[in-house]
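# Residue-level structural notes
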Amino acid sequence: MSNFGSLYEKEGRHVLVFERKYPFSPVEVFRYISDPDYFTQWYPFATGDMDLSVGGRIKFDDGEGSIYEAVITEINPPYSLCFREVDDLLEISIHEVDQGCTLTFSHTFDDRAMAIYIAAGWHRCLDALGQLIHGYTIEWEDNALELREYYKNKFV
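Keep in mind that what you see is a predicted model, and the values were worked out from it rather than measured.

## A look at the nonpolar core
- Ranked by size, the top nonpolar core spans 41 residues in total, and within it Trp 42 and Phe 83 carry the most contacts.
- For this core, the leading source of residues is helix 3 (residues 115-133), giving 12 residues.

## Notes on the packing of aromatic side chains
- Applying the stated criterion across every chain yields a total of 16 aromatic pairs.
- Ring geometry for Phe 4 versus Tyr 151: centroids 6.0 Å apart, planes at 65°, classification edge-to-face. Here Phe 4, found in the segment before strand 1 (6-10), pairs with Tyr 151, found in helix 4 (residues 144-154); they are 147 residues apart in sequence, far enough to count as distant.
- Residue Phe 4 is classed as partly exposed on the basis of its relative accessible area of 30%.
- Look at Tyr 43 and Trp 122: their rings are 5.0 Å apart centre to centre, the planes differ by 50°, and that puts the pair in the tilted class. Residue Tyr 43 is located in the loop between helix 2 (36-42) and strand 3 (46-50), and its partner Trp 122 is located in helix 3; the two are separated by 79 residues in the primary sequence.
- By relative accessible area, Trp 122 is classed as buried at 8%.
- Counting every residue linked through ring pairs, the aromatic cluster contains Phe 39, Trp 42, Tyr 43, Phe 60, Tyr 68, Phe 83, Phe 105 and Trp 122.

## Considerations on the packing of helix 3 against helix 4
- In contact at an axis separation of 8 Å, helix 3 and helix 4 are set at 130° when each is read in the N-to-C sense. When the axis of helix 3 is compared with that of helix 4, the two are oblique. Crossing angle aside, the handedness with which helix 3 passes helix 4 is right-handed. Along the contact surface, helix 3 presents Ile 116, Tyr 117, Ala 119, Ala 120, His 123 and Arg 124, while helix 4 presents Ala 144, Leu 147, Arg 148, Tyr 151 and Lys 152.

## Section: the pattern of salt bridges
- Within this structure, the stated rule accounts for 6 salt bridges.
- Across the pair Glu 69 and Arg 57 runs a salt bridge whose closest N-O atoms are separated by 3.2 Å. Of this pair, Glu 69 sits in strand 5 (residues 67-76) while Arg 57 sits in strand 4 (residues 57-61), placing them 12 residues apart in sequence.
- For Glu 69, a relative accessible area of 34% translates into the label partly exposed.
- Judged by relative accessible area, which is 38%, Arg 57 ranks as partly exposed.
- The shortest N-O distance in the salt bridge between Glu 69 and Lys 59 comes to 3.8 Å. One end of the pair, Glu 69, is in strand 5; the other, Lys 59, is in strand 4, and 10 residues separate them in sequence.

Rules used throughout
- Residues numbered from 1 in each chain as written.
- Predicted model: local features only at pLDDT ≥ 70, side-chain atom pairs only at ≥ 80, totals over all residues.
- Heavy atoms only, no water.
- Core = buried A, V, L, I, M, F, W, Y, C linked by side-chain atoms within 4.5 Å.
- Buried < 20%, exposed > 50% of the residue type's maximum accessible area, 1.4 Å probe, protein only.
- Helix = DSSP H or I, 4+ residues; strand = E, 2+ residues; numbered from the N terminus.
- Phe/Tyr/Trp six-rings, centres within 6.5 Å; stacked < 30°, edge-to-face > 60°.
- Axes fitted to C-alpha atoms, helices over the stretch in contact; angles between N-to-C directions.
- Parallel < 35°, antiparallel > 145°, perpendicular 65-115°, else oblique.
- Left-handed = near helix turned anticlockwise from the far one by under 90°.
- Contact = heavy atoms within 4.5 Å.
- Salt bridge = Lys/Arg side-chain N within 4 Å of Asp/Glu carboxyl O.

Shape is all these values report; function is a separate question.
In structure tokens form, the structure reads like this:
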């Protein structure tokens with residue numbers, strides 16, 4: 001299984017999908033998705049203000065004066081957390097497999113020109129999430145440019 005994302009079209013929109021496998025149970029992995037202390041460490045601009053219920057809000061601050069909210073559209077611990085961030089849909093699902101679980105992260109958006117940036121960004125965030133799940137200190141690799149180049153070639 002590759003750590004790289006794939007791009008699909010669905011109902012006229014673009015969907016970026018990543019799959020990551022972990023040697024832990026869905027319950028253990030879901031904690032890193034739903035606990036504000038962990039969520040803020042890997043999810044960009046998250047403030048840690050999260051109301052984990054359908055219709056609940058997740059608050060973000062871009063650090064440049066913009067505060068915005070996502071609305072939770074589905075939460076089913078320890079298997080899924082989905083929310084709408086402005087017009088984009090973020091879906092995180094966890095499936096139990098032999099010796100652990102598979103996490104699927106999907107981002108549905110409109111502007112295909114942004115795909116390589118979105119893909120490189122999430123790739124880095126999911127690498128950070130993986131480090132957290134494994135109990136490592138997060139080290140953000142300086143690989144954004146290489147990842148953009150990779151996705152530019154992949155998504156042509």
